[in-house]
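# Commentary on secondary and tertiary structure
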Amino acid sequence: MRTRVTDMFGIEFPIFAFSHCRDVVAAVSRAGGMGVLGALYFTPEELETELKWIDDNVGGMPYGVDVVMPASYEGADLGVDSPEDLLGRLQGMIPAGHRSFVDGLLERHGVPPLNGDDAGRALLGWTDATARPQVEVALRHPIALLANALGPPPADVVEQAHAKGVKVAALASTPRHAVKQVEVGVDVVVAQGTEAGGHTGEISTMVLIPQVVDAVDVPVLAAGGIGDGRQMAAGMALGAEGVWTGSIWLTVEEADTPEMARQRILAATSRDTVRSRSWTGKPARLLKNEWTDAWEAADSPGTLPMPLQFMLVSDALRRIGRSDAAELATFPAGQIIGTMNQVKSARQVVFEMIEGYVSAMERLDRITAD
């Protein structure tokens with residue numbers, strides 16, 4: 001296969017695999033695609049360790065790093081540069097009623113508390129101040145791509161990446177967002193439809209891709225509900241030059257997905273996800289369950305804006321993950337989970353996607369030949 005993105009990155013297949021697991025990232029890159037490590041959950045020191053491991057295990061193949069630098073979030077106007085000071089200021093902005101609601105929800109489901117040394121990380125890379133150290137670490141490594149998951153990245157970050165010879169990508173859920181990203185110098189736009197897991201908009205993939213392709217002159221990757229070769233072929237037919245995938249890597253052999261979550265994904269249908277603000281304060285597609293239902297109930301105080309919502313629930317989510325309260329365990333997942341019903345290696349997923357793409361194109365060739 002040859003498109004502008006395969007030429008741009010020197011990869012065999014235009015398949016980009018977003019994952020928080022370094023093993024998945026390295027495996028996909030070795031298989032001919034491009035793995036992209038989500039940096040959000042790592043401290044700068046941990047990210048350094050993860051990227052050093054990828055450098056040593058990716059076999060010289062290109063890979064990328066994904067950060068979250070939202071264009072707007074609560075506290076952006078506080079003028080606080082230190083992540084520690086920002087955390088303290090933001091913690092004071094969380095209403096007591098919201099904390100009581102979360103405590104009551106966990107108590108009703110019998111979720112035990114964490115140990116004192118086991119508290120989660122409340123802020124992570126949800127802000128400019130906390131994401132910039134991650135960018136600095138990433139650019140010290142031989143990455144080929146720096147991606148921003150929420151809106152256009154800051155222009156100076158784009159300049160830093162380009163100065164290192166690193167291409168920049170950003171996710172867009174509307175044509176207007178795509179145009180803004182190109183205006184700051186983004187090299188690749190990921191057009192992500194509402195079927196996608198995690199933060200996502202309201203426009204379906206089938207409708208969004210051609211709109212974005214027509215709106216910008218840089219390569220576009222199709223994202224949202226893409227998990228096999230037929231869907232890849234559909235995205236390419238709509239004008240995309242590759243695909244950006246995420247949820248399909250949650251159940252591969254190399255993934256570090258907790259077994260309880262893996263089994264729930266394998267058993268889920270495409271109707272078992274919902275767009276909810278209960279994770280970060282911005283709409284994100286999550287596995288639907290009693291957690292997401294609780295935030296829509298009449299007694300819910302409503303969600304808080306990013307990053308306050310995640311700060312509110314971060315320890316709660318960690319407590320749930322370490323308990324038997326499977327009915328509350330939610331996480332980002334796209335509608336493609338309805339077709340994910342067995343565990344495969346990352347390499348097998350890549351090759352099956354290419355085989356499916358070829359079969360789809362041959363079927364279309366037969367139709368046009370007649």
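Our subject in this report is the structure included herewith.

## Here we look at the overall build of the protein
When helices and strands are counted, the protein shows 14 helices and 11 strands. Taking 370 residues into account, the globule formula puts the C-alpha radius of gyration at 21 Å, and the protein, at 20 Å, falls close to it. Projected onto its principal axes, the C-alpha coordinates of the protein cover approximately 65 × 45 × 40 Å. Of the contacts formed within the protein by residues at least 6 apart in sequence, a portion of 68% connects residues at least 24 apart. Surface accessibility of the protein: about 15,700 Å² in total, with carbon and sulfur atoms responsible for 50%. Put simply, the protein has 31 plus and 48 minus side-chain charges, and the middle of one group is 2 Å from the middle of the other.

## Quick look at the nonpolar core
Among the nonpolar cores identified, the biggest contains 71 residues, and I15, L51 and W249 are the most heavily contacted of them. Examining the composition of this core, we find that 7 residues originate from one element, helix 14 (residues 346-369), more than from any other. Beyond its immediate stretch of four places on either side in the chain, I15 contacts V28, G33, M34, M232, V243, T245, W249, V350, M353 and I354. One finds L86, L308, A325 and L328 within the second-largest nonpolar core, a separate group that totals 22 residues.

## As for the side chain of Q192
For Q192, the position within the fold is in strand 6 (residues 188-192). Judged by relative accessible area, which is 9%, Q192 ranks as buried. Setting aside residues no more than four positions away along its own chain, Q192 makes contact with L171, A172, S173, H199, T200, L208 and A223.

## With respect to the sheet that holds strand 5 (residues 167-172)
Strand order in the closed barrel formed by 8 strands is 1-2-3-4-5-6-8-9, with parallel pairing between adjacent strands. Averaged over all neighbouring strand pairs, the angle between strand axes comes to 25°, with direction disregarded. Relative to strand 2 (residues 34-38), strand 1 (residues 15-19) runs parallel, the two sharing 4 bridges. Along strand 2, the bridge assignment pairs A17 with G35. In the packing of helix 2 (residues 22-30) onto the sheet, the strands contacted are strand 1 and strand 2, and the crossing angle to strand 2 comes to about 165°.

## Thoughts on the pattern of salt bridges
Tallying each qualifying case throughout the model produces 10 salt bridges. Where D7 meets R2, a salt bridge forms, and the shortest distance between an N and an O atom there is 2.9 Å. The exposure class assigned to R2 is exposed, which follows from its relative accessible area of 70%. Linking R262 and E259 is a salt bridge whose minimum nitrogen-to-oxygen distance equals 3.3 Å. Of this pair, R262 and E259 are both found in helix 11 (residues 259-267), 3 residues apart, which corresponds to roughly one turn of the helix. Judged by relative accessible area, which is 9%, R262 ranks as buried. Assessed through its relative accessible area of 45%, E259 is described here as partly exposed.

## So, the packing of aromatic side chains
Evaluated as defined, the whole model comprises 5 aromatic pairs. Taken together, a centroid distance of 4.9 Å and an interplanar angle of 65° make the contact between F101 and W295 edge-to-face. In this pair, F101 is assigned in helix 5 (residues 96-108) and W295 in the loop between helix 12 (290-294) and helix 13 (308-321), connecting sequence segments 194 residues apart. Across the pair, exposure class does not vary: F101 and W295 are buried alike. Among the aromatic residues, those joined into a ring-pair cluster are F9, F16 and W244.

## Side note on the layout of surface pockets
A water-sized probe rolled over the atoms picks out the places where empty space is left. Its volume calculated, the second largest pocket comes out at about 490 Å³. Looking at the second largest pocket, it is lined by 24 residues, and the ones nearest its centre are L150, G151, S173, H177 and G201. Broken down by secondary-structure element, the contributors of at least two residues to the lining of the second largest pocket are strand 5 and helix 8 (175-183). A per-element tally of the lining of the second largest pocket places helix 8 first, with 4 residues. Counted by class, the lining of the second largest pocket contains 9 nonpolar, 10 polar and 5 charged residues.

## Remarks on empty space enclosed by the protein
Here the structure, examined in full by the defined rule, presents 1 cavity of 30 Å³ or more. Computed from the structure, the largest cavity encloses a volume of approximately 40 Å³. Lining the largest cavity are V67, M69, L146, A147, N148, P153, V157, V168 and A169. Take the lining of the largest cavity: its biggest share by element is 3 residues, from strand 4 (residues 145-148). Tallied by class, the residues present in the lining of the largest cavity amount to 8 nonpolar, 1 polar and no charged.

## Observations regarding the packing of helix 3 (residues 44-57) against helix 6 (residues 128-138)
The contact between helix 3 and helix 6 brings their axes to 9 Å, and the two run at 25°. The orientation of helix 3 with respect to helix 6, classified from their angle, is roughly parallel. The interaxial crossing formed by helix 3 with helix 6 has right-handed handedness. Across the interface between the two elements, P44, L47, E48 and L51 from helix 3 touch P133, Q134, V137 and A138 from helix 6. Split into classes, the residues belonging to the contact of helix 3 with helix 6 amount to 6 nonpolar, 1 polar and 1 charged.

What counts and what doesn't
Residues numbered from 1 in each chain as written. Predicted model: local features only at pLDDT ≥ 70, side-chain atom pairs only at ≥ 80, totals over all residues. Heavy atoms only, no water. Helix = DSSP H or I, 4+ residues; strand = E, 2+ residues; numbered from the N terminus. Rg over C-alpha atoms; globule rule 2.2 N^0.38 Å. Contact = heavy atoms within 4.5 Å. Areas by Shrake-Rupley, 256 points an atom, 1.4 Å probe, with all protein chains shown as cover. Lys, Arg positive; Asp, Glu negative; His and termini not counted. Charge placed at Lys NZ, Arg CZ, Asp CG, Glu CD. Core = buried A, V, L, I, M, F, W, Y, C linked by side-chain atoms within 4.5 Å. Buried < 20%, exposed > 50% of the residue type's maximum accessible area, 1.4 Å probe, protein only. Pairing = 2+ DSSP bridges. Axes fitted to C-alpha atoms, helices over the stretch in contact; angles between N-to-C directions. Salt bridge = Lys/Arg side-chain N within 4 Å of Asp/Glu carboxyl O. Phe/Tyr/Trp six-rings, centres within 6.5 Å; stacked < 30°, edge-to-face > 60°. 1 Å grid on protein atoms, 1.4 Å probe; cavity = no way out; pocket = protein on both sides within 12 Å on 5 of 7 lines; lining within 4 Å. Points joined across faces, edges and corners; volume = space filled by probe spheres on them. Nonpolar A, V, L, I, M, F, W, Y, C, P; charged D, E, K, R; others polar. Parallel < 35°, antiparallel > 145°, perpendicular 65-115°, else oblique. Left-handed = near helix turned anticlockwise from the far one by under 90°.

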